[in-house]
Amino acid sequence: MPELPEVEVTRRSFAERIAGATVTGVRLGKPLRWALGCAPEALVGRRVEAVRRRGKYLLLDLDRGLLLLHLGMSGSLRFDLQMQPAGPHDHFDLQTSLGLLRLHDPRRFGAVVHAESQDAPEAVKLLGRLGVEPLDEAFDAAAFHAGLQLRAAPIKQVLLAGELVVGVGNIYASEALFLAGIRPTTRARRLGPLRARKLHAAVREVLARAVQRGGSSLRDFSNAYGEQGHFQLETMVYDREGLPCRVCGTPICALRQGQRSTFFCPQCQKA
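Residues numbered from 1 in each chain as written. Predicted model: local features only at pLDDT ≥ 70, side-chain atom pairs only at ≥ 80, totals over all residues. Heavy atoms only, no water.

### Focus on the overall build of the protein
No. 1: Within the protein, the regular secondary structure consists of six helices and 10 strands.
No. 2: Computed over the C-alpha atoms, the radius of gyration of the protein is 20 Å, within 12% of the 18 Å expected from 2.2 N^0.38 for a compact globule of 271 residues.
No. 3: Considering only C-alpha atoms, the protein reaches an extent of 55 × 35 × 30 Å along its principal axes.
No. 4: Counting the 271 residues in the protein, one finds 49% classified as buried.
No. 5: For the protein, the proportion of contacts with a sequence separation of at least 24, taken over those separated by at least 6, is 64%.
No. 6: Carbon and sulfur atoms make up 50% of the accessible area of the protein, which amounts to about 12,500 Å² in all.
No. 7: Within the protein, one finds 37 positive and 27 negative side-chain charges whose respective centroids are separated by 9 Å. (Helix = DSSP H or I, 4+ residues; strand = E, 2+ residues; numbered from the N terminus. Rg over C-alpha atoms; globule rule 2.2 N^0.38 Å. Buried < 20%, exposed > 50% of the residue type's maximum accessible area, 1.4 Å probe, protein only. Contact = heavy atoms within 4.5 Å. Areas by Shrake-Rupley, 256 points an atom, 1.4 Å probe, with all protein chains shown as cover. Lys, Arg positive; Asp, Glu negative; His and termini not counted. Charge placed at Lys NZ, Arg CZ, Asp CG, Glu CD.)

Quick look at the structure:
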């Protein structure tokens, strides 16, 4: 599933190229997770002002309204002047004066939703409960620790929930917890100020490094140029069950948390 780094890498790969474009046509394929919410022809003539990201959502700001795009579990975006005719897994085309933006999503868990503003019910429903952006200055270590003290769930589950800090998905939660030396099953409220600060710093460092490396291409992720990411080549614990820890040599362990695989080093992450 594309996580925050992959979504941010995707945004950066086409945001400047599509800015200022006028929508000239919209094509819908098979139904996605949620309906578009407007007639496709209603978007024709609108201008793309900018592309932002909120958590794992891309927000295309139009001169009137916005589009919220989610890549789901297997989605990717392409933007180019010319493309091949739409295939069976190409479910949304936004034709513009500067090129074609296409959502390719084999499993159709992604979505494109129109809203008249970010305060509209459609947008609030998707964005309203999202936590602080981890790469923004607003992600404060003291506030993060205070929020952890109110939660009894395992720390990895708290990170994945996205209410304290948004966008820390499965890969990067495992990696951040390793960097901070925290066992993923540790109850969030057990983390004192020092360990919470270490985790806060680890989340920022791991996500920033993943963005720099173009995200993780475990299966079919690529940015809007079609380029794959490389962070998966340097993970410390994720998807390395049974392999020696890169720090201490202890075999990496795996367990299931909330139907997701969790990876950790039993020596480097003792508690």
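Additional details are given in the paragraphs that follow.
### Considering the sheet that holds strand S6 (residues 90-96)
No. 1: Pairing is antiparallel across the open sheet formed by four strands, whose spatial order is S1-S6-S7-S5. Only two strands of the sheet have a single neighbouring strand rather than two, namely strand S1 (23-28) and strand S5 (76-80). Across this sheet, the average inter-strand angle for adjacent strands is 15°, counted without regard to direction.
No. 2: In terms of strand pairing, S5 meets strand S7 (residues 99-104) through five bridges, oriented antiparallel. Across the sheet, the residue bridging to phenylalanine 79 is leucine 101, located in S7.
No. 3: Contacting S5, S6 and S7, helix H1 (residues 4-18) runs over the sheet at an angle of about 30° to S5. (Pairing = 2+ DSSP bridges. Axes fitted to C-alpha atoms, helices over the stretch in contact; angles between N-to-C directions.)

### Re the sheet that holds strand S4 (residues 66-70)
No. 1: Read from one edge of the open sheet, four strands run S2-S3-S4-S8, paired in antiparallel fashion. Only two strands of the sheet have a single neighbouring strand rather than two, namely strand S2 (48-54) and strand S8 (111-115). Pairs of neighbouring strands in the sheet enclose a mean axial angle of 20°, with direction left out of account.
No. 2: Where S4 and S8 come together, five bridges link them in antiparallel fashion. Bridge pairing in S8 places histidine 70 opposite alanine 111.

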